[in-house]
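Coordinate inspection notes
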There are 2 protein chains.
Amino acid sequence: MKNKPDEEANEEPARKRRGSGRATIHDVARLAGVGSITVSRYLKKNGYVSAELGERIDAAVAQLNYVPNLVAGGLASSRGKVVGMVVPNISGPIFASTIQSFNDTLNRHGYQVLLASSYFSAEQEENAVRAFLGWSPAALVVTGRFHTKGTEAMLAGAGIPVVETWDYHPRRKPIQVGYSNHEVGAQAARHLLSKGYKRIAFVQNSVAGDLSAIDRRDGYAAVLEEHGLEPWTYAPTEAAPFDAGRQALEALTRGRRKADAIVFANDNLAAGALLASQRAGLQVPQRCALMGFGDYAFSSLLLPSLTTIRPPGREIGEIAAQRILQALGELPDDGKPARLNLLGCELVEREST
Amino acid sequence: MKNKPDEEANEEPARKRRGSGRATIHDVARLAGVGSITVSRYLKKNGYVSAELGERIDAAVAQLNYVPNLVAGGLASSRGKVVGMVVPNISGPIFASTIQSFNDTLNRHGYQVLLASSYFSAEQEENAVRAFLGWSPAALVVTGRFHTKGTEAMLAGAGIPVVETWDYHPRRKPIQVGYSNHEVGAQAARHLLSKGYKRIAFVQNSVAGDLSAIDRRDGYAAVLEEHGLEPWTYAPTEAAPFDAGRQALEALTRGRRKADAIVFANDNLAAGALLASQRAGLQVPQRCALMGFGDYAFSSLLLPSLTTIRPPGREIGEIAAQRILQALGELPDDGKPARLNLLGCELVEREST
DNA sequence: TTGTAGGCGTTATCAA
DNA sequence: TTGATAACGCCTACAA
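Residues numbered from 1 in each chain as written. Chains lettered and ligands numbered in written order. Predicted model: local features only at pLDDT ≥ 70, side-chain atom pairs only at ≥ 80, totals over all residues. Heavy atoms only, no water.

A tally of helices and strands in chain A yields 12 helices and 12 strands. Computed over C-alpha atoms, the radius of gyration of chain A comes to 27 Å, more than 25% over the 20 Å expected from 2.2 N^0.38 for 353 residues, which places it beyond the range of a compact globule. Each of the three principal axes of chain A carries a C-alpha extent, and together these read 95 × 45 × 35 Å. Sorting the 353 residues of chain A into buried and exposed places 51% on the buried side. (Helix = DSSP H or I, 4+ residues; strand = E, 2+ residues; numbered from the N terminus. Rg over C-alpha atoms; globule rule 2.2 N^0.38 Å. Buried < 20%, exposed > 50% of the residue type's maximum accessible area, 1.4 Å probe, protein only.)

Here you go:
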């Protein structure tokens, strides 16, 4: 009904009917005495705007405390400044550093990261990717190479850069940033062989769906076979990692055939075994050497400290972000291969081997 | 130039000049033979849409693989389905579980979380909040109560729910979800007093800017004074936590006056001290008891295992998300106090005390 | 219960 | 170098 007498003479910007109430690019343009498109051009530093207008715009922005509305910008350009990232989980010891470095690197360039956790479920991953698509993301990041058909279709059809992290598979289409789990398993086996161990077992992850551990086992098995030794895999039935580690240790050291070294799918399992060995009075590494994977925060603090393999978590996040920024033209090409980024894992030798 | 002959007779939807190419609500409406506003109403399940039209819309959505454009929706309603969260860091052992539960809870209700890390810097926090504002967030979450003037002004002026997490201060305006660091310090002191320790020292955090540790020290000091004992605070100069812990242990056990129990600002410092004590042959807890704060993943694995206080990280994230959803009308009021959410910390008694 | 008109704040396009 | 105009895709207000 708007029956208020008009107050157009007010100094305040005219009340909008719906908006958020914040200053818009038009307010800035009016105050600076230029067209709004000139403000837009100046603020994104593309196109040409004279120094004089630039100063007037700067002053208006400061006076109005103007913050560009990125939602509107994303809609207009159909290319939002967001990047979606799906990880198995956020709080675990594994992916946290990747998330951190990925987020920080993209934030620095004005991009926001949308996060979702899949909990190792391909269906949850698909839901997350679908949700991300609603944000018109500039790029998408997923973990590993195992996706549902629906996810694959969405990733392929999105027409934006897609990065697969952690698990490196050069023959896949998306940008790869990761390391070879097969090689990690081989690294572990070679390390133990070089220390003279002969009866080397591998303990699977108790968490179903951790397919990367299977690749590590295959790498371990390949090296053992090269050396004429028979691979020996144990799959725990206990669900909790520490319990599974204890179970595996008992099974592999108390039977008729005794392992003299055990490679665990991750440091959690290895820690469970290490604690169990102390309680049982089994000397590590004299009676049986143990090693893990992941180099979790506690691994150097155990007694004996745990030999493990450190995956390049921070580097993965940073390089993934860089490759995305390059693909989006936000960062100059550095001449390195853009699609295939194979990183190495560091074997951290400590007391348990 | 577009000199191609027109191909308007094609069955494909007409090529748009700018759009993302994905199906829009209008495509769905056309296919279902309804108005686009009806599709909108049906999909958000408010307003009334007949069952028959609903089915036709469902079919069209499935056929076109339609994903609503949340950017456009956010712009139109000036109320985006995003929530911004600033934490000191993402990958540390402290905030990861809060981020995880916060993110998961909001994701489940169709909201996306934008993350930024402040690294304990109020200026970086201000930058993050300003960046978030560009997304017209539905709510904002910050950590602690120490902000710049600019941040305070933005939070107050945003006109959206604001949550302060971790540090609980009932007299502040924003929604509070956290625990009392003062009480944590008191808890630690009471625990050690109850075990008979008398010369109890407190070791500050070596990281500047961790103001929560100062509150814990004050709580510790208050309890000691209540019992007629003099507080004794040590501030390490080493930057790395483990080194700082070792330094503190040496200073507090080798001087003329010897501590018989030490409260550390966090478990990292305590772990550094614990490892140093083993090397030095100092019996823990017989010669000196040690306790930390945080209950990090390694704390139960140390030898002796570390007594510590577990902050409710997961609960903080979940309750913060619930309060936000309630404030936004997405979740029914559960009758609990909406603004003040004081959670308790659990003292985890282990071998080191 | 359904539809029409128009605005949300920005950027792409094209003209000056 | 600058500006007018028309999208971008959806939602609010109001009408039928």
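Further notes follow.
With that out of the way, let us pick up the domain arrangement of chain A. For chain A, the domain assignment lists domain 1 (5-68), domain 2 (79-179 + 314-343) and domain 3 (181-310). On a C-alpha basis, the centres of domain 1 of chain A and domain 3 of chain A stand 63 Å from each other. (Domains from an automatic or database assignment.)

All names here are of chain A. In space, the four strands of this open sheet follow the order β7-β6-β8-β9, with parallel pairing throughout. Since the sheet does not close on itself, it has two edges, and those belong to β7 (233-234) and β9 (289-291), each with one partner. With four bridges joining them, strand β6 (residues 200-203) and strand β8 (residues 261-264) adopt parallel strand pairing. Bridge pairing links Ala201 to Ile262 in β8. Contacts from helix α9 (residues 211-226) reach β6 and β7, with the element oriented near 165° to β6. (Pairing = 2+ DSSP bridges. Contact = heavy atoms within 4.5 Å. Axes fitted to C-alpha atoms, helices over the stretch in contact; angles between N-to-C directions.)

Time to look at helix α1 (residues 25-32) of chain A. Residues and elements named next belong to chain A. If you check which residues of α1 are buried, you get Asp27, Val28, Ala29 and Ala32. Of the surrounding secondary structure, the elements contacted by the buried residues of α1 are α2 (36-44) and α3 (51-64). Positioned one or two residues after α1, Gly33 has a phi angle of 70°, which is positive.

As a matter of local geometry, DNA strand C sits amid 30 residues, with Ile25, His26, Ser40 and Tyr66 of chain A together with Thr38 of chain B nearest to it. What you see for DNA strand C is that sugar and phosphate hold 61% of its atoms within 4 Å of the protein. Within the contact set of DNA strand C, a phosphate oxygen lies 2.7 Å away from a backbone nitrogen or oxygen of Ser50 of chain B. Between DNA strand C and Ala76 of chain B there is a distance of 3.4 Å, counted from a base oxygen to a backbone nitrogen or oxygen. Mapped by element, the contributors of at least two residues to the surface near DNA strand C are α1, α2 and α4 (70-77) of chain A together with α2 (36-44) and α4 (70-77) of chain B. Examining the composition of the surface near DNA strand C, we find that four residues originate from one element, α4 of chain A, more than from any other. Each residue belonging to the surface near DNA strand C can be placed in one class, and the counts come to 13 nonpolar, 11 polar and six charged. (Near = heavy atom within 4 Å. Polar contact = N/O pair within 3.5 Å; in protein donor to acceptor, adjacent residues only side chain to side chain. Nonpolar A, V, L, I, M, F, W, Y, C, P; charged D, E, K, R; others polar.)

Attention shifts here to the relation of the copies chain B and chain A. Screw-axis analysis of chain B against chain A gives a translation of 0.0 Å along the axis, an RMSD of 0.2 Å, and a rotation angle of 180°. Put plainly, the chains are arranged around a two-fold axis. Residue Phe298 of chain B of chain B places its C-alpha closer to the rotation axis than any other residue of that unit, at 2.3 Å. Same-surface contact between copies: 100% of interface residues of chain B are shared with the interface of chain A. (Least-squares fit on C-alpha atoms with pLDDT ≥ 70 in both.)

Let us now look at helix α7 (residues 149-157) of chain A. Residue and element names in this part refer to chain A. The set of residues buried in α7 consists of Thr151, Met154 and Leu155. Considered in projection along α7, the buried side chains sweep an arc of 95° and stay on one side of the axis. Residues Lys149, Ala153, Ala156 and Gly157 are exposed on α7 and point more than 90 degrees away from its buried face. Those residues of α7 that are buried are in contact with α6 (122-133), β3 (139-143) and β4 (162-167). (Arc of directions from axis to C-beta.)

Using the residue numbers shown here, the UniProt feature "domain: HTH lacI-type" (unreviewed entry) corresponds to residues 23-77 of chain A. The distance separating the terminal C-alpha atoms of residues 23-77 of chain A is 20 Å; by composition the span is 71% helix and 0% strand. (UniProt positions renumbered as here; feature names shortened; annotations may be inferred.)

A few words on empty space enclosed by the protein. A probe matching the size of a water molecule, rolled over the atoms, marks out where space remains unfilled. All names here are of chain A. This structure, assessed with the given rule, holds three cavities of 30 Å³ or more. Reported here for the largest cavity is a volume of approximately 40 Å³. Lining the largest cavity are Val184, Gly185, Ala188, Phe202, Arg216, Val263, Phe264, Ala265, Gly292, Phe293 and Ile309. Where the lining of the largest cavity is concerned, the elements lending two or more residues are α8 (181-194) and β8. It is α8 that contributes the most residues to the lining of the largest cavity, three residues altogether. Of the pockets and cavities examined, the second largest cavity occupies roughly 40 Å³. (1 Å grid on protein atoms, 1.4 Å probe; cavity = no way out; pocket = protein on both sides within 12 Å on 5 of 7 lines; lining within 4 Å. Points joined across faces, edges and corners; volume = space filled by probe spheres on them.)

Let's shift gears to unusual backbone geometry. Keep in mind that most residues, glycine aside, have a negative phi and that most peptide bonds are trans. All names here are of chain B. With an omega of 5°, the peptide bond running from Val284 to Pro285 counts as cis. The step from Leu303 to Pro304 runs through a cis peptide bond, and the omega angle for that step is -5°. When you line up the elements, Pro304 lands in the loop between β9 (289-291) and β10 (308-310).

Right, let's get into the interface of chain B and chain A. Each partner contributes to the interface: chain B provides 49 residues, whereas chain A provides 49 residues. Summed over both partners, the interface of chain B with chain A buries about 4,100 Å², with 62% contributed by carbon and sulfur atoms. Inspection of the chain B/chain A interface yields zero salt bridges. Run the count over chain B and chain A and you get 18 residue pairs in polar contact (both at pLDDT 80 or more). Taken together, the elements giving at least two residues each to the side of chain B that touches chain A come down to α4, α5 (96-108), β2 (112-117), α6 (122-133) and α11 (267-280) of chain B. At seven residues, α5 of chain B tops the list of elements feeding residues into the side of chain B that touches chain A. (Buried area = accessible area lost by both parts, 1.4 Å probe. Salt bridge = Lys/Arg side-chain N within 4 Å of Asp/Glu carboxyl O.)

For the coordinates displayed, the defined rule picks out 10 aromatic pairs over all chains. Consider the rings of Tyr179 of chain B and Phe293 of chain B, whose centres lie 6.1 Å apart with planes at 50°: the pair is tilted. Of the two residues, Tyr179 of chain B sits in strand β5 (residues 175-179) while Phe293 of chain B sits in the loop between β9 and β10, which places them 114 residues apart along the sequence. You can call Phe293 of chain B buried: its relative accessible area is 7%. Taken together, a centroid distance of 5.4 Å and an interplanar angle of 35° make the contact between Phe202 of chain B and Tyr220 of chain B tilted. Here the residue Phe202 of chain B occupies a position in strand β6 (residues 200-203), and Tyr220 of chain B occupies one in helix α9 (residues 211-226), the gap between them amounting to 18 residues. Residue Phe202 of chain B is classed as buried on the basis of its relative accessible area, which comes to 1%. We classify Tyr220 of chain B as buried; its relative accessible area is 0%. Ring pairing ties together the aromatic residues Phe95, Trp166, Tyr179 and Phe293 of chain A, which thus form one cluster. Between the NZ or CZ atom of Lys45 of chain A and the centre of the ring of Tyr42 of chain A, over which it lies, the distance is 5.5 Å. (Phe/Tyr/Trp six-rings, centres within 6.5 Å; stacked < 30°, edge-to-face > 60°. Lys NZ or Arg CZ within 6 Å of the ring centre and 35° of its normal.)

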